[in-house]
Amino acid sequence: VFAREDAIAHDVLESIARIGSVSGANLVSIIDHGLVSLPNDTRLLPFLALEFCEGRALARDPLARVNWSEVSPEDAGSLCADALEVIQHAFAGLQQLHQAKYQHLDIKPSNILVLRNSERRVTGAKLVDAGLGSIARDGEHTAVLYQSPEQLSGAQTSAASDVFALGVVAYE
């Protein structure tokens, strides 16, 4: 069993190393990665160190909790602008990833980091776990609610699969 787990850990690390070479203003960068063994444990466990960003996952951001039927016309414009800013930056992150020939395959509100300034205005967004969904085995760790039809059916995915998922997030 340990040899199999070590082989999986090495596969994951190789994928992370390739994905880690992709960088962009709208992607949380991979700073370091490797294998570590814990005391009294013979297994090698992969670790991943990511860039620190001041922000909050969209799933926990106030934008995710807006009840649009209760928003005043005076506030609707700024809230819409904030939502569009987040989606525009997330699409830019997908473009950076897709240009490097990678797919995210796990787009969901918890993998979109919302960046705000000191006045709490949205200044951007970054994708978290960029490309790591492609190394999840058999769809594990991915959110079914945001998966494209081809991803759900086990068919071949493409950049369009990520665009579909971000469209679902935008719709929400």
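Scroll up a little and you will see the structure.
Below is a short write-up of the structure. (Residues numbered from 1 in each chain as written. Predicted model: local features only at pLDDT ≥ 70, side-chain atom pairs only at ≥ 80, totals over all residues. Heavy atoms only, no water.)

Description of the environment of Ser161
Under the convention used in this document: Helix numbering and strand numbering both begin at the N terminus, where a helix is a DSSP run of H or I of at least 4 residues and a strand a DSSP run of E of at least 2. Pairs of residues are marked as contacts when any of their non-hydrogen atoms sit within 4.5 Å. Any pair of N or O atoms that falls within 3.5 Å is considered a polar contact. Within protein, one atom must be able to donate a hydrogen and the other to accept it, and sequence-neighbouring residues count only if both atoms are side-chain atoms.
Structurally, Ser161 can be placed in helix α4 (residues 159-171). In this view, Ser161 contacts Leu105, Ser148 and Glu150; residues no more than four positions away in its chain are not counted. Of the polar contacts made by the side chain of Ser161, one reaches the side chain of Ser148; its length is 3.5 Å.

Observations regarding a nonpolar patch on the surface
So the rule is basically this: For patch detection, residues must exceed 30% relative accessible area and be free of salt bridges, and they are connected within 9 Å for like charges or within 5 Å for nonpolar side chains (Val, Leu, Ile, Met, Phe, Trp, Tyr). Throughout, the Shrake-Rupley method with a 1.4 Å probe supplies accessible areas, and for residues the shown protein chains are the sole cover considered. Criterion for a salt bridge: a side-chain nitrogen of Lys or Arg within 4 Å of a carboxyl oxygen of Asp or Glu. Only protein chains enter the calculation, and the probe is 1.4 Å; a residue is then buried if its accessible area is under 20% of its type maximum, exposed if over 50%, and partly exposed in between.
A cluster of nonpolar side chains, namely Val36, Leu38 and Phe47, defines an oily patch on the protein surface of about 220 Å² accessible area. Take Val36: it is sitting in strand β1 (residues 30-36). Look at Val36 and you get partly exposed, because its relative accessible area is 34%.

Section: the sheet that holds strand β4 (residues 112-116)
To keep things clear, this is the line we draw: Any two strands with at least two DSSP-identified bridges between them are counted as paired. Note on definitions: angles span 0 to 180 degrees between N-to-C directions of axes, and those axes are lines fitted to C-alpha atoms, for helices only across the stretch in contact.
Reading across from one edge, β3-β4-β5 is the order of the 3 strands in this open sheet, with antiparallel pairing throughout. Only two strands of the sheet have a single partner each, and these edge strands are β3 (56-57) and β5 (122-127). Across the sheet, helix α2 (residues 73-99) is in contact with β4 and β5; its angle to β5 comes to roughly 35°.

Some remarks on the pattern of salt bridges
Tallied over the full model, the rule gives 5 salt bridges. A salt bridge links Glu51 to Lys126, with the nearest nitrogen and oxygen atoms 2.9 Å apart. One end of the pair, Glu51, is in the loop between β2 (45-50) and β3; the other, Lys126, is in strand β5, and 75 residues separate them in sequence. Of the charged contacts in the structure, one is a salt bridge between Lys108 and Asp106, with a shortest N-O distance of 3.5 Å. When salt bridges with common partners are traced through the structure, they connect Asp61, Asp82, Arg116 and Arg121 into a single cluster.

A word on the packing of α2 against α4
A packed helix pair is summarised by two numbers, namely the angle formed by the two axes and the spacing between the axes. In plain terms, the rule: Convention used here: angles under 35 degrees read as roughly parallel, angles over 145 as roughly antiparallel, angles from 65 to 115 as roughly perpendicular, and any remaining angle as oblique. Here the term charged refers only to Asp, Glu, Lys and Arg, the term nonpolar to Ala, Val, Leu, Ile, Met, Phe, Trp, Tyr, Cys and Pro, and the term polar to all other amino acids, Gly among them.
Where α2 meets α4, the axes come as close as 11 Å, and the angle between the chain directions of the two elements is 170°. Taken as axis vectors, α2 and α4 run roughly antiparallel relative to one another. Contacts between α2 and α4 pair Ile87, Ala90, Phe91, Leu94 and His98 from the former with Ala159, Asp162, Val163, Leu166, Val169 and Ala170 from the latter. Counted by class, the contact of α2 with α4 contains 9 nonpolar, 1 polar and 1 charged residues.

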